[in-house]
Amino acid sequence: MDVDKSIDAFRPKKFDNESLIIHDFLIPLKQIGCIHLTDEIIDYWQSLEKYDVPLINVSSMCLAIETSRFQTQQTEIPIPYTVHIIKMIDLIKYCESMVGGKDQINNLKQQLSSLVSNAIRYPGKQADYAVQILKAIVSSNDEFQIGYILHRKNPSLTFNIAQGPDFKLCNTGIKVEAKSKLNRAYLGDYNPQPIGLNKEICLRLLARDAVKAGALSTAFSHHGTDIAIVGLSHSEFGDIFAAHVFENNLRSDNQENYEFGSAFKDAVKLVNQGKKGIILFSEVIR
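Here the structure is a predicted model, which is why all the values come from computation and not from measurement.

J.: What am I meant to see in unusual backbone geometry here?
T.: Leave glycine aside and you will find that most residues have negative phi; peptide bonds, for their part, are mostly trans. In this model, His-23 sits at a positive phi of 55 degrees, which is unusual for a non-glycine residue. Along the chain, His-23 turns up in the loop between strand E2 (19–22) and strand E3 (25–28). Residue Asp-52 is not a glycine yet carries a positive backbone phi of 70 degrees. Inspection of the secondary structure assignment puts Asp-52 in the loop between helix H2 (38–50) and helix H3 (55–73).

Below is the structure:
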């Protein structure tokens, strides 16, 4: 019975329809950009557990990273790492219905299962494997997030099951590659220093992040890629940029256009002209 209670501590619990608790953290779903409500996420978590996705292990390892960091740095983590797990559940629930979505979810399951198995097999390296697990979740979340956005705008989008770019627009044949690389020493933090931003500065900062992370150099490594979407939500300046965009979009005198839809249309125009398109993407947790 004690074992069951111990395991249950790593599962999400309902707080209200739009919030849940995991690892004693209250997570407001709408504020982290979730599509689904609490009951749907908890139900899908249970379904994935039955499908042998090692969510309990992943959840406990995220808590271990947070505990270790608090003990060494004596600082609270502003965005708990378990947010990334909840985002993963939310996004793959939507993407499961997309053509090729179940294959992508199965690939993620195999990747996480392999990392968890290695962590159990080599206890001395569990901290390293825990970080690898977190990186795998963040990277896959960026891909599923891009898939969700594109599918909402163009329902013909499918996951590209064959080798090559990640997505395909069946109505045009355009192939899209999602790139995401972490470009800072840890996840879920923020820069509290105020910084003056405008569109030109934002693009320079994001381009710097993309180059430093190595994402631009491999953006078109898959043959047939027409548009590369580089996820920078977890780069050094990505969250600052996203927060600036969110604040900018709330202003009545908004003069800057950062809409993903507009950027994607421009990229498609370039492809139709025989060129390649690149979109720098960053999401704010609000």
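J.: Can you help me understand the pattern of salt bridges in this one?
T.: Oppositely charged side chains may form a pair once their charged atoms are brought near each other. Under the criterion given, the structure shown has six salt bridges. Between Arg-11 and Asp-8 there is a salt bridge whose closest N-O contact spans 3.6 Å. Residue class for Arg-11 comes out partly exposed when judged on its relative accessible area of 24%. Each member of the salt-bridge network shares a partner with another, and the members are Asp-8, Arg-11 and Glu-49.

J.: Would you mind going over the sheet that holds strand E1 (residues 13–16) with me for this structure?
T.: One key point about sheets: their strands pair by backbone hydrogen bonds, in either a parallel or an antiparallel sense. Ordered in space as E1-E2-E3, the three strands form an open sheet in which the pairing is antiparallel. Of all the strands in the sheet, the pair left with one neighbour each is E1 and E3. Shown here is a sheet whose adjacent strand axes are inclined to one another by a mean of 35 degrees, direction ignored. Both E2 and E3 contribute to a ladder of four bridges, which runs antiparallel. What sits directly across from Leu-20, in E3, is Ile-27. Sheet contacts for H2: E1 and E2; angle to E1, the most-contacted strand, approximately 175 degrees. Most of the contacts of helix H4 (residues 82–95) go to E3, to which it runs at about 40 degrees, and overall it touches E2 and E3.

J.: Can you help me understand the packing of aromatic side chains in this one?
T.: Aromatic rings in a pair are described by how distant their centres are and how their planes are angled relative to each other. Under the counting rule described, the total for this entry stands at five aromatic pairs. Judged by centre distance (5.9 Å) and plane angle (70 degrees), the ring pair of Phe-144 and Phe-159 falls under edge-to-face. Taken as a pair, Phe-144 in helix H6 (residues 126–153) and Phe-159 in strand E4 (residues 157–159) lie far apart in primary sequence, 15 residues in all. Residue Phe-144 is classed as buried on the basis of its relative accessible area of 2%. For Phe-159, a relative accessible area of 2% translates into the label buried. The interplanar angle of 45 degrees and the centroid separation of 5.0 Å between the aromatic rings of Phe-159 and Phe-167 together place this pair among those described as tilted. The exposure class assigned to Phe-167 is buried, which follows from its relative accessible area of 0%. Clustering of aromatic rings is evident, with ring pairs tying together Phe-144, Phe-159 and Phe-167. Lying over the aromatic face of Tyr-51, Lys-109 brings its terminal NZ or CZ to 4.0 Å of the ring centre. Here Lys-125 stacks its cationic end above the ring of Tyr-122, 6.0 Å away from the centre of that ring.

J.: Honestly, the packing of H4 against H6 in this entry has me stumped. Any pointers?
T.: If you want to describe how two helices pack, look at the angle between their axes and the distance between the axes. Closest axis-to-axis distance for the H4/H6 pair is 9 Å, and the angle between their directions is 40 degrees. As for how H4 packs across H6, the hand of that crossing is left-handed. Where H4 abuts H6, its residues His-84, Ile-85, Lys-87, Met-88, Leu-91, Ile-92, Tyr-94 and Cys-95 lie against Leu-134, Ile-137, Val-138, Asn-141, Phe-144, Gln-145, Tyr-148, His-151 and Arg-152. Here the residues of the contact of H4 with H6 sort into eleven nonpolar, four polar and two charged.

Conventions and cut-offs
- Residues numbered from 1 in each chain as written.
- Predicted model: local features only at pLDDT ≥ 70, side-chain atom pairs only at ≥ 80, totals over all residues.
- Heavy atoms only, no water.
- Helix = DSSP H or I, 4+ residues; strand = E, 2+ residues; numbered from the N terminus.
- Salt bridge = Lys/Arg side-chain N within 4 Å of Asp/Glu carboxyl O.
- Buried < 20%, exposed > 50% of the residue type's maximum accessible area, 1.4 Å probe, protein only.
- Pairing = 2+ DSSP bridges.
- Axes fitted to C-alpha atoms, helices over the stretch in contact; angles between N-to-C directions.
- Contact = heavy atoms within 4.5 Å.
- Phe/Tyr/Trp six-rings, centres within 6.5 Å; stacked < 30°, edge-to-face > 60°.
- Lys NZ or Arg CZ within 6 Å of the ring centre and 35° of its normal.
- Left-handed = near helix turned anticlockwise from the far one by under 90°.
- Nonpolar A, V, L, I, M, F, W, Y, C, P; charged D, E, K, R; others polar.

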